[in-house]
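One-letter residues, chain by chain:
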Amino acid sequence: MKKKLWLMAMTLLIAVGVYYFLPDPCPEAAKRTAFVFTVAALFWALEIIPHYGTSLVVVLLLIVLIGREGGVLDLDRSGYRMFLVPFSSPVIMLFFGGFALARALRKYHVDSYIADRVLSLCGDHPYRVLLGIMLLTAVLSMWTSNTATTAIMLGIIAPFVATLKEGEPFCKGLILSVPFAANIGGIGTPIGTPPNVIVLGNLAEAGIEVSFIEWMMIGVPLAVVLLGLVYIVLRFFYPLKDKETRFVLEKHEELPQGAIKVFVIFGITVTLWLTTKIHGLHESVTALIAVAMLIATGLLDRDDMKKFDWDVLVLMWGGLALGAGIQASGLATWLVEQPLMGLRGMTLIISFSVIALALSSFMSHTAAATLIIPIAMSIPTKNPIYLAIAIGLACSFAMAFPISTPPNALAFAGGKITTKDMMKPGTIISLVSLAIMLFSFKFLVNLVFGL
């Protein structure tokens, strides 16, 4: 407790220092927003309080410091609402629907059923099983929480790990394949991971709409290539020593009652997401339709609703509110005039992507995205869609340390791998993934959006 109090005090001192050391040309509202930004960055990075708690602090500070009636922004009585509205934004509703589907898939063991059936097609050779586990983990993480997917898959591979001899290097590769594939798979869909939603939210604020299928046309090809990279790296670092090893998959129970309905609703929802341009319903509306169907059919109840990751939604709310504050306060305009913001083209994209990867290696991917993307979006560029998507993807590539992402932490918690075991392949995968993305994504974006 004393340590946290010291950290809070240090954070406030640094934030006050930022406020006072900003030059006079910086508007008063912008200085106050910079104070809030500094508090948010350090609270999220140091995990002084839970991440969602920091988001609530951010919203409250923005309202008190710049959102009051007749304050520094000279707002009317309803001006504070600009910081409350983001909680009901379409992108948060989209993620809310994703949580409902993920909960239904897990409650009725649909995810485990799919895993059993897919892995049964992989045969008994360890390398084929490794590839099957990676592909399955990536696909599941496109539709459910990366953390939940990792927990499921680590449980599924436990019997495989148990059959390996002590000291077998392949054991570490098998365990690491799950969090790495979950991180990569998350980039495939808008609901795969929170940074994707933050990108979409900030682009929507700028008047740029990216549909579900358009995101997949960018994310899925990249994910496929990067999964190949992960497979090669893990085989190189942790090869199979005992060539005679073979895996036998355990048989699991059949699907419980209600699972077929979950399959049907999941299929309808995905179909609607992929055909938005045909029927005209926004992806967030489709997500709410999915929630309504799951509740109306009795597949999800009040207890299930309580198990949603509400903290993640609150965390994203804080990020979107901070972005609104950066724009409204004039901080965005002031930042644009600074040297780093004067960069243009690929130099700007590379610079922000490297910063995003570095920050995400030591703090939450979501928190890093909420800090960086609003600032990047304040820079006038010909096609801001390049910059926003690159930063969002770069955040998801950080996987070198146990603290980089919850899937990494889950794998590390099993006690069979060390930080060094994760850092060696994780660093290479992170850096090469970033390079591949920067080399190819502009082509993909141009192809998808016709830019």
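A brief report on the enclosed structure follows.

Calculation rules
Residues numbered from 1 in each chain as written. Predicted model: local features only at pLDDT ≥ 70, side-chain atom pairs only at ≥ 80, totals over all residues. Heavy atoms only, no water. Helix = DSSP H or I, 4+ residues; strand = E, 2+ residues; numbered from the N terminus. Rg over C-alpha atoms; globule rule 2.2 N^0.38 Å. Buried < 20%, exposed > 50% of the residue type's maximum accessible area, 1.4 Å probe, protein only. Contact = heavy atoms within 4.5 Å. Salt bridge = Lys/Arg side-chain N within 4 Å of Asp/Glu carboxyl O. Phe/Tyr/Trp six-rings, centres within 6.5 Å; stacked < 30°, edge-to-face > 60°. Lys NZ or Arg CZ within 6 Å of the ring centre and 35° of its normal. Expected span 1.5 Å × (residues − 1). Bend = angle between axes of the 7 residues up to and from the residue. Axes fitted to C-alpha atoms, helices over the stretch in contact; angles between N-to-C directions. Parallel < 35°, antiparallel > 145°, perpendicular 65-115°, else oblique. Left-handed = near helix turned anticlockwise from the far one by under 90°. Nonpolar A, V, L, I, M, F, W, Y, C, P; charged D, E, K, R; others polar. Patch = residues over 30% accessible without salt bridge, like charges linked within 9 Å, V, L, I, M, F, W, Y side chains within 5 Å. Areas by Shrake-Rupley, 256 points an atom, 1.4 Å probe, with all protein chains shown as cover.

Within the protein chain, the regular secondary structure consists of 21 helices and zero strands. Computed over the C-alpha atoms, the radius of gyration of the protein chain is 22 Å, within 12% of the 22 Å expected from 2.2 N^0.38 for a compact globule of 451 residues. Reported as C-alpha extents along the three principal axes, the dimensions of the protein chain are approximately 70 × 50 × 50 Å. Expressed as a percentage of its 451 residues, the buried residues of the protein chain come to 54%. Relative to all contacts within the protein chain whose residues are 6 or more apart in sequence, the contacts with residues 24 or more apart total 78%.

Right, let's get into the pattern of salt bridges. Taken as a whole and assessed by the stated rule, the structure comprises six salt bridges. A salt bridge links glutamate 69 to arginine 77, with the nearest nitrogen and oxygen atoms 3.6 Å apart. Judged by its relative accessible area of 53%, glutamate 69 falls in the exposed class. Residue arginine 77 is classed as exposed on the basis of its relative accessible area of 66%. Residues arginine 103 and aspartate 304 are paired through a salt bridge, measuring 3.0 Å at the closest nitrogen-oxygen approach. Separated by 201 residues along the polypeptide, arginine 103 in helix 4 (residues 90-107) and aspartate 304 in helix 14 (residues 302-306) bring together distant segments of the chain. The same class applies to arginine 103 as to aspartate 304, namely buried. Salt bridges linked by common partners bring Arg103, Lys107, Asp301 and Asp304 together as one network.

All told, the structure shown has ten aromatic pairs when counted by the stated rule. Ring geometry for tryptophan 143 against phenylalanine 212: centres 5.9 Å apart, planes inclined by 15°, an arrangement best described as stacked. Of this pair, tryptophan 143 sits in helix 6 (residues 126-143) while phenylalanine 212 sits in helix 10 (residues 212-237), and the two are 69 residues apart along the sequence. One exposure class covers both tryptophan 143 and phenylalanine 212, and it is buried. Three or more aromatic residues joined by ring pairs form one cluster here, namely Phe96, Phe308 and Trp310. One residue, arginine 235, lies across the ring of tyrosine 127, its end atom 3.6 Å from the ring centre.

Let us now look at helix 8 (residues 170-185). Given a rise of 1.5 Å per residue, 16 residues ought to cover 22 Å, and the 22 Å separating the end C-alpha atoms of helix 8 matches this to within 8%. Maximal helix bending in helix 8 amounts to about 30°, located at serine 177; proline proline 179 follows within four positions. When you tally the buried positions in helix 8, you get 15 out of 16 residues, the bulk of the element.

Right, let's talk about the environment of leucine 255 for a bit. With respect to the helices and strands, leucine 255 occurs in the loop between helix 10 and helix 11 (259-274). Taking C-alpha positions, leucine 255 is 6.7 Å from histidine 109, a pair spaced 146 residues apart along the chain. For leucine 255, the residues in contact, after removing those within four places along its chain, are Tyr108, His109, Val110, Tyr113 and Phe263.

Taking 1.5 Å per residue as the helical rise, helix 9 (residues 194-205) with its twelve residues ought to reach 16 Å, and the 17 Å between its terminal C-alpha atoms agrees with that figure. With ten of twelve residues buried, helix 9 is to be regarded as a mostly interior element. Of all the positions in helix 9, only Pro194, Pro195, Asn196, Val197, Ile198, Val199, Leu200, Gly201, Asn202 and Leu203 are classed as buried. Turning to helix 9, the residues buried within the fold contact helix 4, helix 10, helix 15 (310-328), helix 18 (365-377) and helix 19 (384-396). Glycine 207 occupies a position one or two residues after helix 9 and carries a positive phi of about 85°.

By secondary structure assignment, the location of threonine 269 is in helix 11. In this structure threonine 269 comes out as buried when scored by relative accessible area, which is 1%. Beyond its immediate sequence surroundings of up to four residues, threonine 269 is in contact with Leu101, Thr286, Ala290 and Met293.

Okay, the packing of helix 4 against helix 9 next. Contact geometry for helix 4 and helix 9: axes closest at 9 Å, N-to-C directions at 155°. Comparing the axis directions of helix 4 and helix 9 gives the class roughly antiparallel. Here helix 4 and helix 9 pass one another in a crossing that is right-handed. Together, Val91, Ile92, Leu94 and Phe95 of helix 4 and Pro194, Val197, Leu200 and Gly201 of helix 9 make up the contact between the two elements. When its residues are assigned to classes, the contact of helix 4 with helix 9 shows seven nonpolar, one polar and no charged.

You can see phenylalanine 180 is positioned in helix 8. Placed 57 residues apart in sequence, phenylalanine 180 and glycine 123 show a C-alpha to C-alpha distance of 22 Å. Here phenylalanine 180 is in contact with Val230, Leu234, Met399, Asn408, Met422, Pro425, Gly426 and Ile429, once residues within four sequence places are set aside.

On the surface, a nonpolar cluster with roughly 340 Å² of combined accessible area is contributed by Ile260, Phe263, Val264 and Ile268. Within the secondary structure, isoleucine 260 is located in helix 11. Of the residues examined, isoleucine 260 reaches a relative accessible area of 59% and is grouped as exposed.

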